[in-house]
Amino acid sequence: MTVPTCFFLSPLAGYTALAYRQTVRELGGLGLATTDLVNARSLIERRPKSFELAATSPEDQPASIQIYGATTWEMIEATKIVADLGPSIIDINMGCPVRKVVKSGGGSALMCDGDGARKLVGAVVEQSPVPVTVKMRLGWDQQNPTAPELARLFESIGVAAVIVHGRTRAQGFSGMVDRSGIARVVEAVDRMPVIGNGDIRTIVDAEAMFRETGCAAISIGRGSLSNPFVFRQLQHWAEHGTAGPEPSFEDRIAVMERHFHRLAETRGEHLACLQFRKVLKWYSYAIRPPKELYLRLVNLPSRATFDAVVSEMRAAGPCAPLPSQFEPRVPTPKGPIDKW
């Protein structure tokens, strides 16, 4: 399997569903996209929500379906199920820090159980008809940086690549990404590609991740929500040394429009309106519409309203200079991580 670029889209639950991935991919530069993490047991029980999360399409390729669980037989069965859904890769989540995932032995908890992780990952590799990757953190906490050792182990049993988020489970999403920790994972393996992840929002961040870690590719999550053109810009940078021209007002409003209509096609009008409310602030910040038009979309009721307001936005144009990059405020769990 060939991945066209070394710039990947990380999954962010509730944001990077199929409609978003298709919209970003058509802008160019995106190498590999990954679905939201899907519970292996929920797939076995044929819960509709799990299949919505795992949905992909020919236009979404190459795509990785990410599964998680702590029981080997469940992961084997889930692998067989998702293999029929058309992924290019099956990704095993060993990075999720959330309590409901960890308390069952899945996500980051597997980083504390080398033998269990080897058995589980090895079984998936054996059963999967497509390459298998593993998404993990640097370790459970600063005192247990198990990622290098696990990466060596996974390379020996046939894992195609590892994606490393440069924080420990104990950090959650706080603090700075430790690029030196990702570099240690790169040094620990022979040929297996290591993908660096965390705090990549600009070309400067991307260059630092490559230079300081030696990783083979990078994976971006939040940075793409504030700037869906980031993959196109990174590819232009890789080829020409610059990000290329800034996206125009029309470029930005067209992306918003296509994203919403794809949500309506994949989720239905009502759910599309509800989901779009979650991302409206970012699109509004990117296109700077008049406030009265923005407010008409805050409680978006229908596709017809969306189309009418967007038509007025186009006619009005931006009411302030267009930003090149900004920090998206993605909600994360608060308080002690053990309570997440």
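Residues numbered from 1 in each chain as written. Predicted model: local features only at pLDDT ≥ 70, side-chain atom pairs only at ≥ 80, totals over all residues. Heavy atoms only, no water.

The name given to the protein in an unreviewed UniProt entry is tRNA-dihydrouridine synthase, and the organism recorded there is Tautonia plasticadhaerens. Per its UniProt entry, the protein bears the Function (unreviewed entry) comment "Catalyzes the synthesis of 5,6-dihydrouridine (D), a modified base found in the D-loop of most tRNAs, via the reduction of the C5-C6 double bond in target uridines." Database annotation for the protein, UniProt heading Cofactor (unreviewed entry): "FMN". (UniProt positions renumbered as here; feature names shortened; annotations may be inferred.)

Peer 1: I would appreciate a short explanation of the UniProt feature "active site" (unreviewed entry) in the protein in the present structure.
Peer 2: When the UniProt feature table is mapped onto this chain, "active site" (unreviewed entry) is found at C96. Tracing the sequence through the fold places C96 in the loop between β5 (89-94) and α5 (99-102). A relative accessible area of 11% means that C96 is categorised as buried. In this structure C96 touches L37, V101, V102, G107 and S108, once residues within four positions along its chain are discounted. (Helix = DSSP H or I, 4+ residues; strand = E, 2+ residues; numbered from the N terminus. Buried < 20%, exposed > 50% of the residue type's maximum accessible area, 1.4 Å probe, protein only. Contact = heavy atoms within 4.5 Å.)

Peer 1: I would appreciate a short explanation of the pattern of salt bridges in the present structure.
Peer 2: Note on pairing: side chains with opposite charge can pair once their charged atoms come close. Counted according to the given criterion, the structure contains 17 salt bridges. When the shortest N-O distance is used, the salt bridge between R262 and E26 registers 2.9 Å. Here R262, found in helix α12 (residues 249-267), pairs with E26, found in the loop between α1 (18-25) and β2 (32-34); they are 236 residues apart in sequence, far enough to count as distant. By relative accessible area, which is 17% here, R262 ends up buried. Using a relative accessible area of 40% as the deciding quantity, one classes E26 as partly exposed. A salt bridge links E45 to R47; its shortest N-O distance comes to 2.5 Å. R47 gets classed as partly exposed once you look at its relative accessible area, which sits at 44%. (Salt bridge = Lys/Arg side-chain N within 4 Å of Asp/Glu carboxyl O.)

Peer 1: Which parts of the structure should I look at to understand the nonpolar core?
Peer 2: The tendency in soluble globular proteins is for nonpolar side chains to be buried as a group. One finds M94, M136, F154, V162, I218 and F276 to be the most contacted residues of the largest nonpolar core, which totals 83 residues. When residues of this core are assigned to their parent elements, the largest contribution, eight residues, is made by helix α13 (residues 269-287). Mapping this core onto the domain boundaries places at least three of its residues in each of domain 1 (7-240) and domain 2 (249-316). Look past the residues within four positions of V162 in its chain and what remains in contact with it is V134, M136, A151, F154, V185, M192, P193, V194 and I195. (Core = buried A, V, L, I, M, F, W, Y, C linked by side-chain atoms within 4.5 Å. Domains from an automatic or database assignment.)

Peer 1: What should I look at first to understand empty space enclosed by the protein in this one?
Peer 2: Remark: the empty space left among the atoms is shown by a probe the size of a water molecule rolled over them. Tallied over the entire structure, the rule returns three cavities of 30 Å³ or more. When its volume is computed, the second largest cavity comes out at roughly 70 Å³. If you trace the second largest cavity, you find it lined by G14, Y15, A17, A19, Y20, H259, L263, Q275 and V279. Counted by class, the lining of the second largest cavity contains six nonpolar, three polar and no charged residues. For the lining of the second largest cavity, the two domains that each supply at least three residues are domain 1 (7-240) and domain 2 (249-316). (1 Å grid on protein atoms, 1.4 Å probe; cavity = no way out; pocket = protein on both sides within 12 Å on 5 of 7 lines; lining within 4 Å. Points joined across faces, edges and corners; volume = space filled by probe spheres on them. Nonpolar A, V, L, I, M, F, W, Y, C, P; charged D, E, K, R; others polar.)

Peer 1: Would you take a moment to explain the layout of surface pockets for this structure?
Peer 2: A volume near 340 Å³ is recorded for the second largest pocket. Around the second largest pocket, the lining comprises 23 residues; the ones closest to its centre are F8, L32, T133, A161 and I195. Those elements that provide at least two residues to the lining of the second largest pocket are β1 (7-9), β2, β4 (63-68), β5, β6 (132-137), β7 (161-165) and β9 (217-220). Classifying every residue of the lining of the second largest pocket by side-chain character gives 15 nonpolar, six polar and two charged.

Peer 1: Help me out: how do you make sense of the domain arrangement of the protein in this one?
Peer 2: How large an interface is tends to be reported as the accessible area lost when its parts come together. Domain annotation for the protein reports domain 1 (7-240) and domain 2 (249-316). In this structure, domain 1 and domain 2 have C-alpha centres spaced 30 Å apart. Taken residue by residue, the interface counts 15 residues in domain 1 and 12 residues in domain 2. For the pair domain 1 and domain 2, the summed buried area comes to about 1300 Å², and 63% of that belongs to carbon and sulfur atoms. If you sort the residues of domain 1 by the area they bury against domain 2, Y15, A19 and T23 come out on top, with a joint share of 34%. Here domain 1 and domain 2 share three salt bridges between them. (Buried area = accessible area lost by both parts, 1.4 Å probe.)

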